[in-house]
Amino acid sequence: MMLATVTLIRHAMPAFGPDAPPHAWDLSAEGHAAARRLIAVLPPHACLVSSAEPKAWQTLGGGDEVVRDRRFNEVVRVEPWDGGFRELRRAYVEGADHPEWEPRSEVVERFDAGIADHLEHAEGRPLVVATHGMAMTLWLTTRIGLGDPGAFWADLRFPDAHVVDLAAHTVRRAR
């Protein structure tokens, strides 16, 4: 019988700046420390999967035991560096279309396919997926029906862990 829960992790705090695109950011020193604390409370023998982005992979320890899967990458987008990005992101997860942003339906489709594949490969072990705030929020909105996706996204921490019960269509913060 396939496990009906997935733990979704929003990556730890990256070392960010305008000199590199967000998909290339590594974790900051603070992010590495928070990731170590998070890893210590993950289910034992979990199947660990992350997006292909360094900050997500590093959140789960960055070792060979972490499978990287691009289907869990953040939304592909073009956004301003110097302000307004939080408002754009919140509007997007609430349903606004932005030019040069990946269509929400495509994000959900790739994310859903990744969850299905990795649940099957986990063979009953707990599945932990390190991903990103917008992609996670879009998938949860479609899959379990988040009542207020903008508020959910705005409340996400660096890092954050949520247990999703796919059978019951619920999500709860893990810690």
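Structure's up top.
Parameters and conventions
Residues numbered from 1 in each chain as written. Predicted model: local features only at pLDDT ≥ 70, side-chain atom pairs only at ≥ 80, totals over all residues. Heavy atoms only, no water. Phe/Tyr/Trp six-rings, centres within 6.5 Å; stacked < 30°, edge-to-face > 60°. Buried < 20%, exposed > 50% of the residue type's maximum accessible area, 1.4 Å probe, protein only. Helix = DSSP H or I, 4+ residues; strand = E, 2+ residues; numbered from the N terminus. Contact = heavy atoms within 4.5 Å. Polar contact = N/O pair within 3.5 Å; in protein donor to acceptor, adjacent residues only side chain to side chain. Pairing = 2+ DSSP bridges. Axes fitted to C-alpha atoms, helices over the stretch in contact; angles between N-to-C directions.

1. With respect to the packing of aromatic side chains
Throughout the structure, instances matching the rule amount to six aromatic pairs. A centroid spacing of 5.8 Å and a plane angle of 50° characterise the contact between Phe-16 and Trp-25, whose relative ring orientation is tilted. Note on Phe-16: relative accessible area 52%, which makes it exposed. Every member of this aromatic cluster is reached through a ring pair, and the members are Phe-16, Trp-25 and Trp-81.

2. Digging into the environment of Thr-131
Among the structural elements, Thr-131 can be located in strand β4 (residues 127-131). Look past the residues within four positions of Thr-131 in its chain and what remains in contact with it is Ile-9, Arg-10, His-11, Ala-56, Phe-72, Phe-111 and Met-136. Here Phe-72 takes part through its backbone oxygen, which lies 2.7 Å from a polar atom of the side chain of Thr-131.

3. Looking at the sheet that holds strand β1 (residues 5-10)
Here six strands make up an open sheet; going across it, the order is β3-β2-β4-β1-β5-β6 and the pairing mixed. One side of each edge strand has no neighbouring strand; the edge strands of this open sheet are β3 (66-68) and β6 (170-173). Looking at each pair of strands side by side, their axes are set apart by 25° on average, direction ignored. Here helix α5 (residues 133-143) sits on the sheet and contacts β1, β4, β5 (160-165) and β6; the angle it forms with β1, its principal contact strand, is near 150°.

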